[in-house]
Amino acid sequence: MSFSNLTRRGLIKTSAAAGAGLALPTYLSAASHAGFTNAPQGDTVTLGFNVPQSGPYADEGADELRAFELAVEHLNGGGDGGMLNTFSSKALEGNGILGKKVQYVTGDTQTKSDAARASAQSMIQKDGAVMISGGSSSGVAVAVQGLCQEAGVIFMAGLTHSNDTTGKDKKANGFRHFFNAYMSAAALAPVLKNLYGDDRKVYSLTADYTWGWTQQESIQAATEAMGWETINDVRTPLAATDFSSYIAPVLNSGADVLVLNHYGGNMVNSLTNAVQFGLRDKQVNGKNFEIVVPLYSELMARGAGKNIAGIVGSQNWDWKLEDQLGSRYTGTNAFVQSFGTKYGFPPSQAAQTCYAQTLLYADAVARAGSFNPCAVVEALEGFEFDGLGNGPTLYRAGDHQCFKDVVVVKGKENPENEYDLVEIVEATPAEKVTYDVDHPMFAGGELGNCNPGA
Amino acid sequence: MLGLNKKDLGVLLLVALLALAAPILLNPFPADSGMAQFNAGYPDLMQRFVIFGIFAIGYNILFGLTGYLSFGHAAFLGVGSYSAVWMMKLLSMNVIPAIVLSVIVAGLFSVVIGYVSLRRSGIYFSILTLAFAQMSFNLAYSVLTPITNGETGLQISLSDPRVLDGANAPSYPNLFGAQMNSAATLELGSWSFTFSVGYYLCAFLMLVAFYISIRIFRSPFGLMLRAVKSNQQRMNYTGLNTKPYTLAAFVISGMYAGLAGGLLASMDPLAGAERMQWTASGEVVLMTILGGAGTLLGPVLGAGFIKYFENIFSKINDNVLHGWFSFMPDGLEDFIVTIIHPFVGKGWHLTLGLLFMLVVIFLPGGLVEGGQRIGRMFRRKKSDPNTPDGETTPAE
């Protein structure tokens, strides 16, 4: 390395040039400003889909990505239009969003907050995404939602079930279509009482992060209200893959119900472990031992195989809804049809919520006539819609949470094929699972103001 | 100048120039071209380059000079992040107290861990530090949840006290009002360059860190550390107590890690436990070895290399691949995409692993050695006619 020809004159020249270069942007940058972050330029608009492609929720992430691709295709006028035909709002015309062709970028959250934020940052800063969607973990959703609030883009939460996402960590730029732990508990409690009586002792295993905590809290509150007793709650790390050491103590705990607050790969493993330990064949306190998984999906049922038979849980949506419960859930068949045509199997609830969120965002932009996050927030707040498969739904202004029916399901004893693993027990009407904005389980946060960014 | 000899000053100036011009150098492709995929000049990634550069520079002071292979340095990074976020929650959104506290806390933490771990050397030292780091990681996950918020990660919220901030203070990390995420964009034709406040703060601190590291490398203290690496037993026999030296090196590198952690939290106010996981500790070892352990520039290069792969290669999905090869006939296109598929997107670890193997096998001295070899190749050609014996490279 030789810098021997570094003279005083040379140094002054270089620093002057560097200084001029640095000063330049300060007056050049103002030209391309549209008043909000990543205003779409030209005839395209970019959306960012940030899903787990590795880790315990990878299966859900893959299905979410399929749904996003399908939604983009429908928005751009491709395919058969899917739920665009049944959606109650007719602002979308199949020519992109506001006439701009929809493009998308994808990223891997790795089910880690840090990685998810880095991935979302690059979508916002590098790819110019004006909306971020996705997530299959509430920890990640809460982290990315916070980032989107700071950066001034809209966050349309994908699969996130923690109360905190629209509770103490709610943000003005974030919206959730998926239901939450409180709703699951409220819908499950009456069904559990019917099936298993009002005198049960519960042992629960809980994934150790925001979703697990709030789901455990919700289930405990709802079941104790009907007379059940919670004798122990054990927290398990999200990264755990073998749960035998957590299951063994259940055998002699005196409990007769095991509640698994696990999702994705965690649930598949813990349920399999529990069945292997013979819990389902046990008699405790003169009753059959039962296992409850408050939230599960078709994908997890497929992973758990036979073990899912007879297990009660709740879902945001099921692909058989319209066939079995009638036209209240219109949109379901249209979506299953186009998803099935493209990929060859029915969509999961994760896919449905991500598809619906993408459509809802596009529709809000179309109705607002602008990509400005504040205009989108205004269009979505208090928005009532139908035809996206969940029946009549309200996007509540107070916490940006959707209120709709909750599906209570049970694993089929004798499934006919590998996609038809759960049967619908009932659809609990939305008013039975509605709560106040300042409910204690959701208190402690504030939406703040919408942030349009730069 | 600055107490450095000509060669070191040259390296420092080179690093300063690269850091200053990074937003331009890292964005060589026009924003609307297909190659824009490979642009790395956006603030978040550039910040990661320099922050992990600081982390690796600090790690190199321990590993490169004393040869003590610590497998637990991520613990200090994590501790730094947590203290920075807590400062922002309690005191002020100004990053100065956050960064200062993160360095202090990481320093104290490394005194404790270093004091115990340095009682052993070699593999036992590595295992001890690994054990401590995994302990911190698991504590942050479970019993310390009230402080760390467990898996969800510690975040700032509007309702935090922030006793030093007034009512109208910015709600984002800032340096006396200049927000870390504020940036100016320079549009030159179809090129677009982003200059952000956060990046230049990180780059400035990285230069300071780099300067201190040069001074340590060239000091009698640094010489003592190198002596520890080459033969610690001999030093002990001559009556020297090496422990204070190794402990000092350990604490200094711990403070560097704390600074990196504090900066990470200042650029993006979130601290998660996974920052302390053993994979994060392993990453800094990889960075240092990949770049060249014991060299000044190596760790920075290694950090940039790994972060580039993590953020750029992991985002190439099948769609992008099909876009690139769409000019080919259908069958061939699908075939090529299938071949490349495992190496990009979520398979970026595989590509990085292969490159790491190549570097370790063919360039044991890391990327720096690669650069030196290329340099020597050119220099020899030039100097051959005049000086038959070739130009001697100055010793390190």
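Scope of this entry: the structure provided in the associated data block. (Residues numbered from 1 in each chain as written. Chains lettered and ligands numbered in written order. Predicted model: local features only at pLDDT ≥ 70, side-chain atom pairs only at ≥ 80, totals over all residues.)

## So, the overall build of chain B
Logical step 1: Assigned secondary structure in chain B consists of 15 helices and six strands.
Logical step 2: Along the first, second and third principal axes, the C-alpha set of chain B runs to 70 × 70 × 45 Å.
Logical step 3: Counting only residues that meet the buried cut, chain B has 46% of its 396 residues in that class.
Logical step 4: For chain B, restricting intrachain contacts to residue pairs at least 6 apart in sequence, the fraction spanning at least 24 positions comes to 74%. (Helix = DSSP H or I, 4+ residues; strand = E, 2+ residues; numbered from the N terminus. Buried ≥ 20, exposed ≤ 12 C-beta atoms within 10 Å, placed from the backbone. Contact = placed C-beta atoms within 7 Å.)

## Concerning the sheet that holds strand S15 (residues 402–403) of chain A
Residue and element names in this part refer to chain A.
Logical step 1: Read across the open sheet, the three strands follow the order S13-S14-S15; overall the sheet is antiparallel. Bordering the open sheet on either side are strand S13 (384–385) and S15, each of which pairs with just one other strand.
Logical step 2: Sheet topology note: the S13/strand S14 (residues 393–395) ladder contains two bridges and is antiparallel. From the neighbouring strand, glutamate 384 faces S14, where its bridge partner is leucine 394. (Pairing = 2+ DSSP bridges.)

## Side note on the interface of chain B and chain A
Logical step 1: Of the residues lining the interface, 38 residues belong to chain B; the matching set on chain A comes to 37 residues.
Logical step 2: Elements represented by at least two residues in the side of chain B that touches chain A include exactly helix H1 (6–25), helix H2 (43–66) and strand S4 (183–188) of chain B.
Logical step 3: With six residues, H1(B) is the single largest residue contributor to the side of chain B that touches chain A.
Logical step 4: Looking at the side of chain B that touches chain A residue by residue, the class counts come to 13 nonpolar, 15 polar and 10 charged. (Nonpolar A, V, L, I, M, F, W, Y, C, P; charged D, E, K, R; others polar.)

## A few points about the packing of helix H3 (residues 113–125) of chain A against helix H4 (residues 138–151) of chain A
All names here are of chain A.
Logical step 1: One way to put it is that H3 packs onto H4 with a least axis distance of 9 Å and a crossing angle of 35°. Where H3 crosses over H4, the handedness of that crossing is right-handed. Counted together, Ser113, Ala116, Arg117, Ala120, Gln121 and Ile124 of H3 and Gly139, Val140, Ala143, Val144, Leu147 and Ala151 of H4 form the full contact between these two elements.
Logical step 2: Its residues assigned to classes, the contact of H3 with H4 comprises eight nonpolar, three polar and one charged. (Axes fitted to C-alpha atoms, helices over the stretch in contact; angles between N-to-C directions. Left-handed = near helix turned anticlockwise from the far one by under 90°.)

## Remarks on the sheet that holds strand S8 (residues 257–261) of chain A
Residues and elements named next belong to chain A.
Logical step 1: Reading across from one edge, S7-S6-S8-S11-S12-S16-S17 is the order of the seven strands in this open sheet, with mixed pairing throughout. Every interior strand has two partners, whereas the edge strands, strand S7 (229–236) and strand S17 (422–428), have only one. Sheet twist, expressed as the average angle between the axes of neighbouring strands with direction ignored, equals 20°.
Logical step 2: Note: strand S6 (residues 201–207) against S8, five bridges, orientation parallel. Each residue of the ladder has a partner; that of valine 202, found in S8, is valine 257.
Logical step 3: Contacting S8, strand S11 (290–295), strand S12 (312–315), strand S16 (406–411) and S17, helix H5 (residues 181–196) runs over the sheet at an angle of about 150° to S12.
Logical step 4: Helix-sheet contacts for helix H6 (residues 210–225) involve S6, S7, S8 and S11, and the interaxial angle to S6 is about 165°.

## Section: the environment of Lys320(A)
All names here are of chain A.
Logical step 1: Note that lysine 320 resides in the loop between S12 and helix H10 (321–325).
Logical step 2: Lysine 320 sits in the buried class, given 20 other C-beta atoms within 10 Å.
Logical step 3: Sequence spacing of lysine 320 and asparagine 232 is 88 residues, and the spatial spacing of their C-alpha atoms is 36 Å.

## Topic: the pairing of strand S3 (residues 131–134) of chain A
Residues and elements named next belong to chain A.
Logical step 1: Here S3 shows a buried face lined by Met131 and Ser133 and a second buried face lined by Ile132 and Gly134.
Logical step 2: Examined bridge by bridge, strand S1 (residues 44–51) and S3 share four bridges and lie parallel to one another. Bridge pairing links glycine 48 to isoleucine 132 in S3.
Logical step 3: In this sheet, strand S4 (residues 154–157) lies alongside S3 in parallel orientation, the contact comprising four bridges.

## Details of the nonpolar core
Residues and elements named next belong to chain B.
Logical step 1: Ranked by internal contacts, the top residues of the largest apolar core, which has 230 residues, are Phe55 and Ala260.
Logical step 2: If you tally residues by element for this core, the top one is H2, at 15 residues.
Logical step 3: Aside from chain neighbours lying at most four places away, what touches phenylalanine 55 is Leu77, Tyr256, Ala257, Ala260, Val284 and Ala303. (Core = buried A, V, L, I, M, F, W, Y, C linked by C-beta atoms within 7 Å.)

## What to know about H6(A)
Residues and elements named next belong to chain A.
Logical step 1: Look at H6: 23 Å from first C-alpha to last across 16 residues, which is about the 22 Å you get at 1.5 Å a residue.
Logical step 2: Of the residues making up H6, those classed as buried are Thr210, Trp211, Gly212, Trp213, Thr214, Gln215, Gln216, Ser218, Ile219, Ala222 and Thr223.
Logical step 3: Where H6 is buried, its residues contact H4, H5, S6, S7, S8 and S11.
Logical step 4: Of the residues trailing H6, glycine 227 is marked for its positive phi of about 105°. (Expected span 1.5 Å × (residues − 1).)

## Concerning unusual backbone geometry
All names here are of chain A.
Logical step 1: Positioned with a positive phi, leucine 98 is a non-glycine residue whose angle comes to about 50°.
Logical step 2: One non-glycine residue, asparagine 285, lies in positive phi territory at about 50°.
Logical step 3: Counting through the fold element by element, asparagine 285 comes out in the loop between strand S9 (283–284) and strand S10 (287–288).
Logical step 4: By the C-beta count within 10 Å, which is 11 here, asparagine 285 ends up exposed.

## Some points on the environment of Leu108(B)
Residue and element names in this part refer to chain B.
Logical step 1: By the element assignment, leucine 108 lies in helix H4 (residues 95–117).
Logical step 2: Judged by the 15 C-beta atoms lying within 10 Å of it, leucine 108 falls in the partly exposed class.
Logical step 3: Separated by 266 residues in sequence, leucine 108 and isoleucine 374 place their C-alpha atoms 43 Å apart.

## Brief notes about the packing of helix H2 (residues 58–75) of chain A against helix H12 (residues 349–368) of chain A
Residues and elements named next belong to chain A.
Logical step 1: It is the contact of H2 with H12, at a shortest axis distance of 8 Å, that shows an interaxial angle of 35°. Classified by chirality, the crossing of H12 by H2 is right-handed. Contacts between H2 and H12 involve Glu60, Asp63, Glu64, Arg66, Ala67, Phe68, Leu70, Ala71 and Leu75 from the first element and Ala350, Ala351, Cys354, Tyr355, Thr358, Leu359 and Ala362 from the second.
Logical step 2: Broken down by class, the residue content of the contact of H2 with H12 amounts to 11 nonpolar, one polar and four charged.

## Focus: helix H13 (residues 373–380) of chain A
All names here are of chain A.
Logical step 1: Burial in H13 covers these residues: Pro373, Val376, Val377, Ala379 and Leu380. Around the axis of H13, the buried residues are gathered within 165° of arc, so they sit on the same side.
Logical step 2: Elements that come into contact with the buried residues of H13 comprise S4, strand S5 (174–176), H12 and S14.
Logical step 3: Phi for glycine 382, located one or two positions after H13, is positive at around 70°. (Arc of directions from axis to C-beta.)

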